[in-house]
Amino acid sequence: MEKNSFTLVDENGQEKVYDVLFTFDSEETGKSYIVYTDNSKDDTGNIQVFASTYDPNDPNSQLGSIETEKEWKVIETILETLQEEVKKKQEEMSENSNEQ
């Protein structure tokens, strides 16, 4: 599987590579979002995840900021759903390997 990634220059002028986790369009907000990570971990050991708006029809689209609490709720709901699905699949795989 080919990884989808992009490079951004941070506030210190350093290039940083980010992996795209997923993109989605929200009918609720009328915007397109990109969720991505640099695979760094926060203080509690969780992988840091970032989200921005973008224009999927523009290959040179600039990332935009998430402006409202409503937008964050939409993104958080999707992340929580995906996390639950991954956890469920991991449990199923664990159960299947224990049965063999």
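### Quick look at the nonpolar core
Inside soluble globular proteins, nonpolar side chains tend to come together where they are buried. Counting residues in each nonpolar core, the largest one holds eight residues, listed as Phe22, Phe24, Tyr33, Val35, Ala51, Ile66, Val74 and Ile75. Elements that contribute at least two residues to this core include exactly strand E2 (15–26), strand E3 (31–37) and helix H1 (69–99). Look past the residues within four positions of phenylalanine 22 in its chain and what remains in contact with it is Tyr33, Ile34, Val35, Ile78, Leu79 and Leu82. The next biggest cluster of nonpolar side chains, apart from the first, holds five residues, and it includes Phe6, Tyr18, Val20 and Tyr36.

### Some thoughts on a negative patch on the surface
Side chains of Glu80, Glu84, Glu91, Glu92 and Glu95 sit close together on the surface and give a patch of like negative charge. Note that glutamate 95 resides in helix H1.

Here is what the cut-offs are and how they apply
Residues numbered from 1 in each chain as written. Predicted model: local features only at pLDDT ≥ 70, side-chain atom pairs only at ≥ 80, totals over all residues. Heavy atoms only, no water. Core = buried A, V, L, I, M, F, W, Y, C linked by side-chain atoms within 4.5 Å. Buried < 20%, exposed > 50% of the residue type's maximum accessible area, 1.4 Å probe, protein only. Helix = DSSP H or I, 4+ residues; strand = E, 2+ residues; numbered from the N terminus. Contact = heavy atoms within 4.5 Å. Patch = residues over 30% accessible without salt bridge, like charges linked within 9 Å, V, L, I, M, F, W, Y side chains within 5 Å. Areas by Shrake-Rupley, 256 points an atom, 1.4 Å probe, with all protein chains shown as cover. Salt bridge = Lys/Arg side-chain N within 4 Å of Asp/Glu carboxyl O. Lys, Arg positive; Asp, Glu negative; His and termini not counted. Charge placed at Lys NZ, Arg CZ, Asp CG, Glu CD.

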